[in-house]
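# Secondary and tertiary structure notes
What follows is the residue order along each chain.
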Amino acid sequence: MESQFRKTIIVGDVHGCLDEFLLLLKKCNYKRELDQLVLVGDLVGKGKYGYDVVKWARENNAKCVLGNHDEVLLDVRNGERPLGGLSDTHRRDYSNLNEEDFVWLENLPYYLELGPVTSQQTETLYDKNDSDLILAKATPFNPNANIIVVHAALKPGVPLSEQSKRMMTRARNITSKGDLVEESVPDSVPWVTKWTDEHSHVVFGHDAVRGLQINPYSTGLDTGCCYGGLLSALVLPDWEIVSIRAKEMYSKPNKPGTTFNVPA
C-alpha cells in the first residue's frame, strides 16, 4: 500500500478500444509523472487494438489486475488452450504481443490494494459542456476506504490472499450459500449486494450487462465500450466517474438485444 494517496484513475474494461482509452485519459487530465493509473483487466479481445493497449500499459507503467480475456492468451502461451479455438480478435492480439508483453501479463496480480483514500481533493476540473463527457458521482459509504481493485468479484468474509483466482476473474453472482458463480443461476444475486465491508471499497469490471454499478461498498466500471457503449473511469480522491462514448460497436453482445446501464 502507498502511504500517500495521490490522484488515481481506475479504468474499466478496455477490450482493445485504444482510441477511447487514450481520449478518456486526456479527458481525465492524466499526467503520467504525477498520477496513478490502474486498469481493471480485460485489455485484450473484442476491440481492434488489444495488443497495443497491453504495450501502452506496459511502457507507461500502468498498474493492472488480470482479467479473464487476458488470461485466455496466457493459457494459449502455456499450452493449455489451442490458438485456433480463439476469436479473431484474440488471435490477432496473441500474434502481435512480444515476449516483454507476455512477461508483463504473466506478472499481473489478481487484485490490488491501493490503500485508504485521503480526503484531499484533486484539482481536476471537468468541462460539463464537453459533449464527449458523461459525468457521474460514486457514493462511497466510507470516502476514506481502502481501495481494492479486482477484475470480477470477491467473496465476502474471505481474506484476499485466500480468494479463488478463477472467481476473481470470472464471477458475477453469489448464491444464498455464499458461493460465487460465474453466471446468474437460481437463488443467486449480484455479488456486490453481499459485500458490506465498511473499511473497503471494491472497484471492478467484467459485467457489461449490468453496466455502471454505483454502490456504497463497490463501483463497477464495465460500461460496454467494445459493444458500442461507454468507457468509464473512477477518478480518486474526488470519487468522480468520467465516461466517454465508444466510437463504434467493435463486437456484438453474446445476447441479442442486450442493453447496458450507463450514466445519463
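Residues numbered from 1 in each chain as written. Predicted model: local features only at pLDDT ≥ 70, side-chain atom pairs only at ≥ 80, totals over all residues. Heavy atoms only, no water.

### Here's the deal with the sheet that holds strand β2 (residues 36-39)
Selection rule: Should DSSP find at least two bridges between two strands, the strands are taken to pair. Put simply, DSSP marks the helices as runs of H or I at least four residues long and the strands as runs of E at least two long, and each gets a number from the N terminus on.
Reading across the sheet, the 6 strands line up as β3-β2-β1-β13-β14-β5 and stay open at both edges, with mixed pairing between neighbours. Lying at the two open borders of the sheet, with one neighbouring strand each, are β3 (63-64) and β5 (134-137). Relative to strand β13 (residues 230-236), strand β1 (residues 8-11) runs antiparallel, the two being bridged by 4 bridges. The residue of β13 that forms the bridge with Ile-10 is Leu-234.

### Overview of the packing of helix α3 (residues 68-77) against helix α4 (residues 88-96)
For clarity, the threshold we go by: Comment: axis = line fitted to C-alpha atoms, over the contacting stretch for helices; angle = value between 0 and 180 degrees taken between N-to-C directions. Convention used here: angles under 35 degrees read as roughly parallel, angles over 145 as roughly antiparallel, angles from 65 to 115 as roughly perpendicular, and any remaining angle as oblique. The hand of a helix crossing depends on one turn: near helix anticlockwise from the far one by less than a right angle means left-handed, and clockwise means right-handed. Only heavy atoms matter for contacts: two residues are in contact if any of them lie within 4.5 Å across the pair. Residue polarity is assigned by list, with Asp, Glu, Lys and Arg as charged and Ala, Val, Leu, Ile, Met, Phe, Trp, Tyr, Cys and Pro as nonpolar; anything else, Gly included, falls into the polar class.
At a minimum axis distance of 10 Å, the contact between α3 and α4 shows a crossing angle of 60°. Considering their axes alone, α3 and α4 lie oblique with respect to each other. The handedness of the crossing between α3 and α4 is right-handed. Here His-69, Val-72, Leu-73, Val-76 and Arg-77 of α3 lie close against α4, whose contacting residues are His-90, Asp-93 and Tyr-94. Taken together, the residues that form the contact of α3 with α4 break down as 4 nonpolar, 2 polar and 2 charged.

### Digging into the nonpolar core
Where we set the bar: Working definition of a nonpolar core: buried Ala, Val, Leu, Ile, Met, Phe, Trp, Tyr and Cys residues. They are joined through side-chain atoms within 4.5 Å. Exposure is judged per residue with a 1.4 Å probe applied to protein chains only, and the accessible area is read against the type maximum: over 50% gives exposed, under 20% gives buried, and values in between give partly exposed.
Counting residues in each nonpolar core, the largest one holds 64 residues, and the members touching the most others are Ile-9, Val-11, Phe-21, Leu-37, Leu-43, Leu-154 and Trp-191. No other element matches helix α2 (residues 50-59), which puts 5 residues into this core. Not counting residues within four places of it along the chain, the set of residues in contact with Ile-9 comprises Leu-25, Cys-28, Tyr-30, Asp-35, Gln-36, Leu-37, Val-38, Ala-233, Leu-234 and Val-235. One finds Val-65, Val-149, Leu-236 and Trp-239 within the second-largest nonpolar core, a separate group that totals 19 residues.

### What about unusual backbone geometry?
Only a minority of non-glycine residues have a phi that is not negative, and only a minority of peptide bonds are not trans. Residue Pro-237 is reached from Leu-236 by a cis peptide bond, and omega for that bond is 10°. Along the chain, Pro-237 falls in the loop between β13 and β14 (240-245). Phi at Trp-239 takes a positive value of approximately 60°, unusual for a residue other than glycine. By secondary structure assignment, the location of Trp-239 is in the loop between β13 and β14. Relative accessible area serves as the criterion here: at 5%, Trp-239 is assigned to the buried category.

### Observations regarding the pattern of salt bridges
As a reminder, the rule being used: Every case where a carboxyl oxygen of Asp or Glu lies within 4 Å of a side-chain nitrogen of Lys or Arg is listed as a salt bridge.
Enumeration over the complete set of coordinates arrives at 20 salt bridges. Residue Asp-132 pairs with Lys-27 through a salt bridge whose shortest N-O separation is 3.5 Å. Here the residue Asp-132 occupies a position in the loop between β4 (111-116) and β5, and Lys-27 occupies one in helix α1 (residues 18-27), the gap between them amounting to 105 residues. Assessed through its relative accessible area of 35%, Asp-132 is described here as partly exposed. By relative accessible area, Lys-27 is classed as buried at 18%. Lys-137 is the salt-bridge partner of Glu-240, the closest N and O atoms lying 3.4 Å from each other. Of this pair, Glu-240 sits in strand β14 while Lys-137 is found in strand β5, placing the two residues 103 residues apart along the sequence. For Glu-240, a relative accessible area of 13% gives the class buried. Within the structure, one salt-bridge network assembled from shared partners comprises Lys-55, Arg-58, Glu-59, Glu-100 and Asp-101.

### Quick word on the sheet that holds β4
One open sheet holds the 5 strands; their spatial order is β4-β6-β10-β12-β11, and the pairing between them is mixed. The open sheet terminates on both sides in strands that have one partner only, identified here as β4 and β11 (213-214). Two strands pair when backbone bridges link them, and strand β6 (residues 146-150) and strand β10 (residues 200-204) are joined in this way by 4 bridges, in the parallel orientation. Considered in β10, the bridge of Ile-148 is made with Val-202.

### Some remarks on the side chain of Arg-170
The test is simple: Counted as a polar contact is a pair of N or O atoms within 3.5 Å, where, for protein atoms, one must be capable of donating a hydrogen and the other of accepting one, and residues adjacent in sequence contribute only when both atoms are in side chains.
Relative to the assigned elements, Arg-170 resides in helix α6 (residues 165-170). Arg-170 sits in the buried class, given a relative accessible area of 12%. There is a polar contact of 2.9 Å between the side chain of Arg-170 and the side chain of Thr-169. When neighbours within four sequence positions are excluded, Arg-170 is seen to be in contact with Asn-68, Glu-71, Ala-152, Glu-182 and His-206.

### Here's the deal with the packing of aromatic side chains
What counts here: Two aromatic rings, drawn from Phe, Tyr or Trp (for Trp, its six-membered ring), form a pair once their centres lie within 6.5 Å of each other, and the interplanar angle then sorts them: stacked below 30 degrees, edge-to-face above 60, tilted otherwise.
Taken as a whole and judged by the stated rule, the model has 6 aromatic pairs. Seen from their ring centres, Phe-21 and Trp-56 are 5.2 Å apart, and the 85° between their planes marks the pair as edge-to-face. Of the two residues, Phe-21 sits in helix α1 while Trp-56 sits in helix α2, which places them 35 residues apart along the sequence. Look at Phe-21 and you get buried, because its relative accessible area is 0%. Ring geometry for Tyr-30 versus Trp-56: centroids 6.4 Å apart, planes at 55°, classification tilted.

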